[in-house]
Amino acid sequence: MKFPAGFWLIAGLFTLFIFLAARPAAADPIWIEGEQPTHADVLTNGWYDDVKKEGMSGNDWLTHYGDRPGTATYDFQVAKPGPYTFWWRGNVLLAAVDYRLGGGEWTPIQFTDKRGEYMISPKPDHRSLAWVKVGTVTLPQGPNRITFKFHSKISNHGGIDCFLFDDSGFVPSGATRPTATQAPAGPADWFPVVYDTDAFSEKSVIDMSATIDAPAGQHGFLKTAGEHLLFEHDTEPTKFWGCGANLNFGHMSRDQLTQRIRYLRKYGVNMVREHPVQSDLGPLVNGQFDAKRMDDLDWWFAELKKQGIYSTWSVFYGVIVSPDDDYPPVLFNELPVTHKDKNLRSGYGLTNTERGLQDIELKYLTALLNHVNPYTGLRYADDPALAVLEFQNEDCVFFHFPLNELYKGEKFPRHTQRVRHAFFDWALKKYGDEKSLRDAWGGLRKGDSFAQQELELMGAYHLGGDGPLYEFAGQKQRAGDLIAFLTEQQRGYYQRREKEVRELGFKAVTVTTAWRAGGAAADPANLYCDTAADMIDRHNYFGGGAGGHGIAPGEVDNASMLALPGSGLLSMGMYQVAGKPFCSTEWSSMPPNEWKAEAAPLMAFYGMGLQGWDASYHFLNSRAYPGDGWPELSKYVTDTPHYIGQFPALSLAVRRGDIAQAPAAAARQVTIPDLFAGTDPLHQDFTGGGHDVKSLQGQLATPMPVLAIGKVTVGFGDDQPSTVDWAKYWDSSAKLVCSMTGELAWNYGRQVVTVDTPRTQAVVGRAGGQMFKLGAMDVAVTTPFVSLLFTALDGKPIDESKHVLITAMARDRQTNAKYSDDGTKLLAVGGPPLLMEPVQALIRMKGLPPTSVNALDIYGVPTGQSVPLSPDGTFELSGRYRTFYYEILR
């Protein structure tokens, strides 16, 4: 878009008034690198820059032999006596390190608060490098001495890189050293973002705690009201903005967990998902839970409840089976060993067809829901803070596992035989005799046997959307019958489980699973099975690249979802069932995708808003504050600015209903007979996609951009389908899709979305060099890719609001990370600290003129820096303020 002739002249003159106050000098910290070994084998590396990812040379590590500990002593001077924060950097994996100040007692270094950990080598190794916040120590003036002692269980093991005593508030990250002053930043300068433990200042503008009612459960049990979720004592539907948040047994102290719960509430989280509960607690032993683990979970649940945070429990991810569970030995021995204890087996996949495994689950659920939490005094079945119960995670009979293995019959021969017998009984009941069955199917196969009373199964990959594939080509009736048989198995299991948990007294919302079929023809039937419980759940991921579940140099899926409306994460909306609530208990756009800042806004504005979804859980929180760099080089991290950093604005917008739900743009209908025709009646193939990514394939009866127009649903029954005239909202020549509500516009030619509602407005995507005229502001963006959110904190329309939060995100990357010129390869991973690209934008507010625009720090606390304002309410955001939060006051 061409800017008005005088716009940049005004902008240029305005920029002349920009200034940046010099940062006051900090006290000089005491910084020590390893230089003084006291043992012939003791040397320290000196500094992070010398550490190579391929591994470290043999003399880089403090060593010890057998029961002979390695020690190192350092002498240093203290100019100013008093308390200092003690930071230590070295190996934290399988290490045991003590320290002694002066002639004091030996004190163990606890590794519970470690930052930026990474493995020294990608090869099998037991060495890592991380910062550890040891605690606060008091140092006297003058000479001081500290001694370290390594006594790890593994000999020749340990290492010190450096350590720091700080009284300036410096937080170390990666190789960054403390400095007394900080040079002024330029408008385009990327800035480091390093979090410490949040002090929860009352001045924080982003603190959403007051918007979350506490304790959880005060409004009664969560129920379904048609397509919505509703507390039994309320009259208006409710929504949940949350994340996965496993307890991570033993990794954090209770003080740290309390901090973590307050942190989640501050950022607007009102629901967390514990996944999977059985893996956390372990199997029942003599009908009892492990007492310590159960106590930890009870305490965690109760503390979440106190802070107004509800719990979702995903109980099983493959039921854990022990020899004591009375599962027939011939079947037990076929189950895969997936645990360190070789006596424990997994029923993943096979649970869907085996009543015996389902009964083992029920025994576990009975003990769990009947357990009285001593911290709340309630059985879990009677506690309204347990809002959602999911029967199993990512498991269904229609997926490649178990169906492919049941077809082959080699891995689980006895289980396969049992399913083949059951299919035979089902088919004989339907057709009456062998001739009728042959006539219906066009003949039988070599693996079919009336004498042995069994019929051959198909693999998931045989169930193509247009009919069976490969050796089963043309046998649609057989494929349809197999789908019908498996539907009875799967749905029967879910219906029985629904009845069983209700008989146990569970009163809140149930979910079956979040999984999909492996073949397109079975996918609608699988979704129909999921309607046996209260709410539909689906998972989806986008982005990522080389490294599996982690980040590594190599290929990057560096596309933007904005290139095609409704694609990527939003495509799971094709699974929304008419009259049922819908949620996503796992989703993320995974690093090192550079455009992942778009993900959370798209989920909030289009998924939770326009589509009317009811609950969102980003995957995965595991910390009490945002992590260091790309935390642990994991692709599944809530605790980073692009996710948790945008939660205050997005959670508030979602929970107070700022974005209107649209009417149905496509209300699709599938009859029950259509489910069993051997083809995909929805023409909606989700079987493609890469690692954890689910994507639509082929020609779709309902194009993905319809998800940007209005609500898309599927119903099961004889109602007539309906659609609106999509062309009224979708200009394919201009590559523009507008929502039926008039609040959202998706320009997929430019790859940018605008949001224009009274209390929330936004520009998300490739906005650089363009001006956007929203209801409450004009925004001219310089930064190539942004997520720029405006939120009225006082509930008034933004042009009248006296308190507006600006959340301004662009790209992030680790220090020294490097991409190829086209962005399709990550050439170097780099390391902490995380660098954020600043959003550069010129903004002119409409309505009441601002009295001030204040830069906030990363905790949302005013920094004392105010952005200069022109008389007409224009101001500039830039890297000069080293932040992504601002507040507008009127």
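Reading the values: rules and limits
- Residues numbered from 1 in each chain as written.
- Predicted model: local features only at pLDDT ≥ 70, side-chain atom pairs only at ≥ 80, totals over all residues.
- Heavy atoms only, no water.
- Helix = DSSP H or I, 4+ residues; strand = E, 2+ residues; numbered from the N terminus.
- Buried < 20%, exposed > 50% of the residue type's maximum accessible area, 1.4 Å probe, protein only.
- Expected span 1.5 Å × (residues − 1).
- Contact = heavy atoms within 4.5 Å.
- Disulfide = S-S within 2.5 Å.
- Core = buried A, V, L, I, M, F, W, Y, C linked by side-chain atoms within 4.5 Å.
- Salt bridge = Lys/Arg side-chain N within 4 Å of Asp/Glu carboxyl O.
- Pairing = 2+ DSSP bridges.
- Axes fitted to C-alpha atoms, helices over the stretch in contact; angles between N-to-C directions.
- Parallel < 35°, antiparallel > 145°, perpendicular 65-115°, else oblique.
- Left-handed = near helix turned anticlockwise from the far one by under 90°.
- Nonpolar A, V, L, I, M, F, W, Y, C, P; charged D, E, K, R; others polar.

## Here's the deal with the side chain of serine 589
Now for step 1: Within the secondary structure layout, serine 589 lies in strand β24 (residues 582-590).
Now for step 2: For serine 589, a relative accessible area of 0% translates into the label buried.

## A short note on helix α2 (residues 254-266)
Now for step 1: End to end, α2 covers 18 Å across 13 residues, agreeing with the expected 18 Å (1.5 Å per residue, within 8%).
Now for step 2: By the burial criterion, the buried members of α2 are Gln256, Leu257, Gln259, Arg260, Ile261, Tyr263, Leu264, Arg265 and Lys266.
Now for step 3: Considering only its buried residues, α2 is in contact with β13 (240-245), β14 (271-274), α4 (291-306) and β25 (615-621).
Now for step 4: Following α2 by one or two positions, glycine 268 has its phi on the positive side, about 95 degrees.

## Description of the state of the cysteines
Now for step 1: In total, this model carries zero disulfides according to the counting rule given.
Now for step 2: Lacking any disulfide linkage, cysteine 529 is separated from the closest cysteine sulfur, that of cysteine 396, by 8.2 Å.
Now for step 3: Among the cysteines around cysteine 583, which has no disulfide bond, cysteine 243 carries the closest sulfur, lying 14 Å off.
Now for step 4: Residue classification places cysteine 583 among the buried residues on the basis of a relative accessible area of 1%.

## Quick notes on the nonpolar core
Now for step 1: Trp313, Phe398, Phe605, Tyr606 and Trp746 are the most contacted members of the largest nonpolar core, which totals 192 residues.
Now for step 2: Sequence-distant contacts of tryptophan 313, defined by excluding residues within four places in its chain, comprise Glu274, Val277, Leu297, Phe301, Leu368, Tyr380, Leu386, Val388, Leu389 and Glu390.
Now for step 3: Core analysis: the next-biggest nonpolar cluster, separate from the first, contains 30 residues, Val781, Phe790, Ile843 and Tyr881 among them.

## Things to note about the pattern of salt bridges
Now for step 1: Summed over all chains, the structure comprises 45 salt bridges.
Now for step 2: Of the charged contacts in the structure, one is a salt bridge between aspartate 113 and arginine 115, with a shortest N-O distance of 2.8 Å. Accessibility classification places aspartate 113 together with arginine 115 in one group, the buried group.
Now for step 3: Between lysine 114 and glutamate 117 there is a salt bridge, with the nearest N and O atoms lying 3.2 Å from each other.
Now for step 4: A relative accessible area of 35% means that lysine 114 is categorised as partly exposed.
Now for step 5: What makes glutamate 117 buried here is its relative accessible area of 18%.

## Description of the sheet that holds strand β41 (residues 818-819)
Now for step 1: Across the sheet, which stays open at both edges, the three strands sit in the order β23-β42-β41 with antiparallel pairing between neighbours. Looking at strand neighbours, the two that pair on one side only are β23 (554-555) and β41, the edges of this open sheet.
Now for step 2: Pairing of β23 with strand β42 (residues 825-828) involves two bridges; the strand directions are antiparallel. Opposite glutamate 555, over in β42, you have lysine 825 as the bridge partner.

## What to know about the packing of helix α10 (residues 476-503) against helix α11 (residues 523-530)
Now for step 1: Put simply, α10 and α11 touch, their axes get as near as 9 Å, and they point 20 degrees apart. In terms of orientation, α10 lies roughly parallel with respect to α11. Two packed elements cross with a definite hand, and for α10 against α11 that hand is right-handed. Contacts from Ile483, Thr487, Gln490, Arg491 and Tyr494 of α10 reach α11 at Ala525, Tyr528, Cys529 and Asp530.
Now for step 2: For the contact of α10 with α11, a count of residues per class yields five nonpolar, two polar and two charged.

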